[in-house]
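Below, each chain spelled out in residue letters.
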Number of protein chains: 4
Amino acid sequence: VFVYERPVRFEDVDAARIVFFPKFLAYCHEAMEAMLASLDGGYAGLVVGRQIGMPAVRVEADFEAPLRFGDVVRIHVIVEQLGRTSCALRYELFNAKTSELSARIRHIVVLSDLRVLKKLPIPDDVRAELVKHVPASPESSSKL
Amino acid sequence: VFVYERPVRFEDVDAARIVFFPKFLAYCHEAMEAMLASLDGGYAGLVVGRQIGMPAVRVEADFEAPLRFGDVVRIHVIVEQLGRTSCALRYELFNAKTSELSARIRHIVVLSDLRVLKKLPIPDDVRAELVKHVPASPESSSKL
Amino acid sequence: VFVYERPVRFEDVDAARIVFFPKFLAYCHEAMEAMLASLDGGYAGLVVGRQIGMPAVRVEADFEAPLRFGDVVRIHVIVEQLGRTSCALRYELFNAKTSELSARIRHIVVLSDLRVLKKLPIPDDVRAELVKHVPASPESSSKL
Amino acid sequence: VFVYERPVRFEDVDAARIVFFPKFLAYCHEAMEAMLASLDGGYAGLVVGRQIGMPAVRVEADFEAPLRFGDVVRIHVIVEQLGRTSCALRYELFNAKTSELSARIRHIVVLSDLRVLKKLPIPDDVRAELVKHVPASPESSSKL
């Protein structure tokens, strides 16, 4: 499990004074980028340098408890499935102070050539990073 | 079907030069707010005035085709299910110029007292607005 | 004077429950884009199609009164100065319901080739749009 | 000088592929929050707990060089002036890898009671934090 933490920012909340729900997906994307930071040039090297991206094709999110300004979000990421061109990531977002579960998110991405937005086989170096986060045993792969 | 249009903004795209996927959910929220604009004081009257909100408890999104700066997104909204305290909204997002389907999103919200974040029965005036967007015949309610 | 209106969105406010101050600049950028909408392909045509942009080189903002969710912002834009490669825009942001002045913003942009981020002479079609919004008489050009 | 670093995020860039200029102000706000992190409960304790905020009344920004996805921004903050109810902060934003100056920003805030948005004398604990970042000698206080 890859773990990523970040504070909820002043501007992340909405008029209901809780984190705006689309922002949870942005938090997950940050966690994914952090998970791929050891790529040469990081995720930015992939996107800007090699013009390869990982656009979402499907997202499922269950929101369990709100987050507020002052909270810190702790995100656990696993690679649930790793295909030839696509990958399913699963995130559990916790309130880092209380360890309360805030959201569970499943995020399926397709490796894509950003110049033409066509899918690509996952490059070897990206696959090597992702495979590190595939849970070892089937039991650890809980369902969303 | 309630229809809402808005341009993709200069800042809505990401480093892959397509609309950042969490932004699709923000577009849907805008469409929901527009659908509830005839409430007294609009959606803001509900949230700020009456301290009642509609936080998401579940989102499912299928991304079919990217949107870019310069595109206009046209969103079709229906109320798929209307319960005592919760409501399932379904959105289809199109590129308004080409009519190409860009994403299908299902968004389940729970009417909530924002002071304590506890669920509430849907207020009559909110229900009266939502019920207008429940498709008349079962056939029209396609599945996500 | 070019006039542009837009509602304050649910997610535009911050934990202090007022529009997050950087968002005022985004509102101004929207107004500028709207002012240039009659360009062929709009501002997007310039940026994406011709790879010409108008990055800010200086901004001055005076914030007079906050905006909140439920407010509508009305923006008055004038072109204060029009040079060979740069342009000074001045915005007054009002609460559309009360006509209260919310902010005054001065925004200097430089026409730039986005491929190399080097300044460019303002293209004729862009200049033709901008010049429409230069106030006719010197008296009308109040200082920030 | 208080120093704060953060990466440019995937979604911070705009259709011109550089950091959207309003985002520079959000970066500065983050730096200010980090500078006040040693307050009891941090900046969130002030805003959410005590209902005291620091809304901007004036901002001046000079943009010298763009930032891109993959860059890290390093921000130097000083407290240029410290009044009874207001405070002038000065930020220099650098590309952390190249040390190139990206922007200089001056940000004047007024301590405010967020319930009524009226100015307040700077509370003692906030003043004690801010005063730590007032440059010792007049020479170090360069002009914007």
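About the criteria used
- Residues numbered from 1 in each chain as written.
- Chains lettered and ligands numbered in written order.
- Predicted model: local features only at pLDDT ≥ 70, side-chain atom pairs only at ≥ 80, totals over all residues.
- Heavy atoms only, no water.
- Contact = heavy atoms within 4.5 Å.
- Buried area = accessible area lost by both parts, 1.4 Å probe.
- Salt bridge = Lys/Arg side-chain N within 4 Å of Asp/Glu carboxyl O.
- Polar contact = N/O pair within 3.5 Å; in protein donor to acceptor, adjacent residues only side chain to side chain.
- Disulfide = S-S within 2.5 Å.
- Buried < 20%, exposed > 50% of the residue type's maximum accessible area, 1.4 Å probe, protein only.
- Pairing = 2+ DSSP bridges.
- Helix = DSSP H or I, 4+ residues; strand = E, 2+ residues; numbered from the N terminus.
- Phe/Tyr/Trp six-rings, centres within 6.5 Å; stacked < 30°, edge-to-face > 60°.
- Least-squares fit on C-alpha atoms with pLDDT ≥ 70 in both.
- Axes fitted to C-alpha atoms, helices over the stretch in contact; angles between N-to-C directions.
- Parallel < 35°, antiparallel > 145°, perpendicular 65-115°, else oblique.
- Nonpolar A, V, L, I, M, F, W, Y, C, P; charged D, E, K, R; others polar.

Caption draft 1: Quick peek at the interface of chain A and chain B. Contacts between the two partners involve 26 residues from chain A, matched on the other side by 26 residues from chain B. Surface buried jointly by chain A and chain B totals about 2300 Å² across both partners, of which 64% is contributed by carbon and sulfur atoms. Our count for the chain A to chain B interface comes out at four salt bridges. Residue Arg58 of chain B pairs with Asp62 of chain A through a salt bridge whose shortest N-O separation is 2.8 Å. Where chain A meets chain B, there are eight residue pairs in polar contact (both at pLDDT 80 or more).

Caption draft 2: Examining the state of the cysteines more closely. All names here are of chain C. Under the criterion given, the structure shown has zero disulfides over all chains. For Cys28, which is in no disulfide, the shortest distance to another cysteine sulfur is to Cys87 and amounts to 13 Å. Judged by its relative accessible area of 1%, Cys87 is buried.

Caption draft 3: Expanded view of the sheet that holds strand β2 (residues 52–53) of chain B. Residues and elements named next belong to chain B. Strand order in this open sheet of three strands is β2-β7-β8, and the pairing throughout is antiparallel. Edge positions in the open sheet fall to β2 and β8 (118–119), since each of these has one partner strand only. In the sheet, strand β7 (residues 112–113) pairs with β8 via two bridges, with the strands oriented antiparallel. Residue pairing for β8: Asp113 is matched across the bridge by Lys118.

Caption draft 4: Representation of the packing of aromatic side chains. Residues and elements named next belong to chain B. Applying the stated criterion across every chain yields a total of 32 aromatic pairs over all chains. Here the aromatic rings of Phe21 and Phe63 are separated by 6.2 Å at their centres, their planes lie at 90°, and the arrangement is edge-to-face. One end of the pair, Phe21, is in helix α1 (residues 21–35); the other, Phe63, is in strand β3 (residues 56–63), and 42 residues separate them in sequence. Of the residues examined, Phe63 reaches a relative accessible area of 11% and is grouped as buried.

Caption draft 5: Geometry of the relation of the copies chain C and chain A. Structural alignment of chain C on chain A gives an RMSD of 0.0 Å, achieved by rotating through 180° and translating 0.0 Å along the axis. Such a turn and shift between the copies fits a two-fold axis. Relative to the rotation axis, the C-alpha of Asp14 of chain C is the closest in chain C, positioned 3.2 Å from it. In this assembly, 100% of the residues forming the interface of chain C have copies in chain A that are likewise at the interface, indicating an isologous arrangement.

Caption draft 6: Layout of the relation of the copies chain A and chain B. Each copy superposes on the other: chain A lies on chain B with an RMSD of 0.0 Å after a rotation of 180° and an axial shift of 0.0 Å. A symmetric contact is evident, with 100% of the interface residues of chain A recurring at the interface of chain B.

Caption draft 7: The packing of helix α1 (residues 21–35) of chain A against α1 of chain B, seen in detail. In the contact formed by α1 of chain A and α1 of chain B, the axes pass within 8 Å of each other and the chain directions differ by 180°. Taken as axis vectors, α1 of chain A and α1 of chain B run roughly antiparallel relative to one another. Of the residues in α1 of chain B, those touching α1 of chain A at Phe21, Pro22, Leu25, Ala26 and His29 of chain A are Phe21, Pro22, Leu25, Ala26 and His29 of chain B. In the contact of α1 of chain A with α1 of chain B, the residues fall into eight nonpolar, two polar and no charged.

Caption draft 8: Structural view of the interface of chain C and chain A. Between chain C and chain A, the residue contacts involve nine residues of the former and nine residues of the latter. A buried area of about 850 Å², summed over both sides, lies between chain C and chain A, and 80% of it is on carbon and sulfur atoms. At the surface where chain C touches chain A, the tally comes to zero salt bridges. Taken together, the links from chain C to chain A amount to two residue pairs in polar contact (both at pLDDT 80 or more). Grouping the amino acids of the side of chain C that touches chain A by side-chain chemistry returns six nonpolar, no polar and three charged.

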